[in-house]
Amino acid sequence: MIDGTAPTAGVRAPGRRRAPRSPARRWLAAGGVTAIAAVLGLSLTLRSGPTPACAAPPALAAPPAAGVLHEGEATFYDSKGAGGNCSYPAAPLNRLYVALGPDEYAAGAACGGYLDVTGPQGTVRVLVMDQCPECARGHLDLSPEAFARIADPVEGVVRVRYRAVVDPPLPGPLTFRMKEGSSQWWFAVQVAGHGNPLRAVEVRQAGAGGWRSAAREDYNYWLVPSGAGPGPYEIRVTDSRGHRVTATGVRLAPGQVQRGAVRMYGRGAAAANRPPSATRSPSARPGRPGTAPATPPAVPASGGPLTAAAAPPGASGPASPRGCGA
């Protein structure tokens, strides 16, 4: 997204000295310059027109700002049970999900957050789980079930208002899923069940070394390309509201959902010691444009201990920029 060159204004270039001009030639030159300046001034005035009172900068890609009421339109599509670009194993059991355009999907930053969407016939809460590449900012592509809660599906397209939900009730403890192909030399983990969008994920070998920051991929995995060792790991998760928890005992188990005992906030966010549950889940890859995602299904108990400790939310809230017209 970026170039430039060094300015040359005000720098006198070396060269030969010119011979002095006669007074007559000086007068003619001055008159010519004046005439040219007048013509140029008129031309510039005609071209430029009145100066706009205010020009809004282009909106940055970011999830819908918390606490801000947005306006837009909604359509619907069917993910057919797929998890969408957020790479969840399946659509949520309640089938209430939404795909956002690139500006609000924000390269995966919106994944796992919730929106309250109000249409002509009511309000519905939906999980952000997919990207709709052809959708502009403010265009929500809902599941058929979600659309039917706010409008008659025969309408096809309706005007809506929507707001990002702050600290929504959580479906359960955090879950962790190591991506297929993960090893001690290549670390990729998906974190789910966090409620608010995530801001940061850090990892370290259990009880050793410093924290390593993972980079968010647009398909909703957090990546350390050089790996984080053989595990088990401590994973520190921070959300957009400043809530932070640290889970321990996360194993290098590609393709398995490891369900911990700690919640991102609220009751159950304190340190706990309970056996986790794990299950093999289908390979999670970015879905096709306009498909939607889901929450991991319930899983049977198995595996080693997975514990966590929580820290209180930070003093400052998220710094997510507002969308156009917010």
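Here, every reference points to the structure presented above.
Along each chain, the written sequence defines residue order, and numbers are assigned to residues from 1. The predicted origin of the model limits local features to residues at a pLDDT of at least 70 and limits the giving and counting of side-chain atom pairs to 80 or more, whereas totals for whole chains, interfaces and linings rest on all residues. Excluding hydrogens and water, the side-chain values take into account all heavy atoms of the structure.

**Student:** Help me understand the pairing of strand β13 (residues 233-239) in this model?
**Tutor:** Both faces of the sheet carry side chains from a regular strand, because those side chains alternate between them. Among the 7 residues of β13, 7 are classified as buried, and the element is accordingly described as predominantly covered. Burial of the side chains of β13 extends over both faces: Y233, I235, V237 and D239 are buried on one face and E234, R236 and T238 on the other. For strand β9 (residues 198-205) and β13, the ladder comprises 7 bridges, and the chain directions are antiparallel. Following the sheet pairing, Q205 is matched in β13 by Y233. For β13 and strand β14 (residues 244-250), the ladder comprises 5 bridges, and the chain directions are antiparallel. Looking across to β14, one finds that I235 is bridged to A247. Burial classification: accessible surface area is computed with a 1.4 Å probe over protein chains only, and a residue below 20% of its type maximum counts as buried, one above 50% as exposed, and the rest as partly exposed. Strands here are runs of E lasting at least two residues and helices are runs of H or I lasting at least four, both read from the DSSP assignment and numbered beginning at the N terminus. In this analysis, strands are considered paired if DSSP registers two or more bridges between them.

**Student:** Can you help me understand the sheet that holds strand β5 (residues 139-142) in this one?
**Tutor:** Whenever strands of a sheet pair, they do so through backbone hydrogen bonds, lying parallel or antiparallel. Strand order in the closed barrel made by the 6 strands is β1-β5-β2-β4-β3-β6, with mixed pairing throughout. Each adjacent strand pair in this sheet contributes to an overall mean axis angle of 45°, direction not counted. By the bridge criterion, 5 bridges tie strand β1 (residues 70-76) to strand β6 (residues 158-164) in an arrangement that is antiparallel. What sits directly across from A74, in β6, is V158. Geometry is summarised by axes, namely lines fitted to C-alpha atoms with helices restricted to the contacting stretch, and by angles between N-to-C directions that run from 0 to 180 degrees.

**Student:** Just checking my understanding: could you explain the side chain of R95 for this structure?
**Tutor:** Tracing the backbone shows R95 in the loop between β1 and β2 (97-100). As used in this structure description, the phrase polar contact means that two N or O atoms lie within 3.5 Å; if the pair is within protein, one of them must be able to donate a hydrogen and the other to accept it, and residues adjacent in sequence are counted only when both atoms belong to side chains. Reaching out from R95, the side chain makes a polar contact with the side chain of D78 at a distance of 2.7 Å.

**Student:** Whenever I open this one, the nonpolar core confuses me. Can you help?
**Tutor:** Inside soluble globular proteins, nonpolar side chains tend to come together where they are buried. For this analysis, a nonpolar core means a set of buried residues of the types Ala, Val, Leu, Ile, Met, Phe, Trp, Tyr and Cys, connected via side-chain atoms within 4.5 Å. Counting 35 residues, the largest nonpolar core has L115, V117, V126, L140 and L142 as its most contacted members. Put simply, the parts of the chain that give this core at least two residues each are β2, β3 (114-119), β4 (122-131), β5, α3 (144-150) and β6. Here, residues are in contact when the closest pair of their heavy atoms is within 4.5 Å. Excluding anything up to four places from it in sequence, L142 contacts A74, T75, F76, Y77, Y97, V98, V117, V126, F147 and I150. The next biggest cluster of nonpolar side chains, apart from the first, holds 23 residues, and it includes L174, M178, F187 and V250.

**Student:** I'm lost on unusual backbone geometry in this one. Help?
**Tutor:** Only a minority of non-glycine residues have a phi that is not negative, and only a minority of peptide bonds are not trans. In this structure, the amide linkage connecting G231 to the following residue, P232, adopts the cis form with an omega of 0°. Relative to the helices and strands, P232 is located in the loop between β12 (222-224) and β13. A positive phi angle is found at K80, which is not glycine, with a value near 55°. Secondary-structure assignment places K80 in the loop between β1 and β2. K80 sits in the exposed class, given a relative accessible area of 72%. Here R95, not a glycine, exhibits a phi torsion of approximately 60°, which is positive.

**Student:** Sorry if this is basic, but what is going on with the state of the cysteines here?
**Tutor:** Put plainly, a disulfide is one covalent bond tying together the sulfur atoms of two cysteines. We call a pair of cysteine sulfur atoms a disulfide whenever their separation is within 2.5 Å. Taken as a whole, this structure holds 2 disulfides when the rule is applied. Cysteine pairing for the chain (bonded cysteines numbered in sequence order): 1-2, 3-4.

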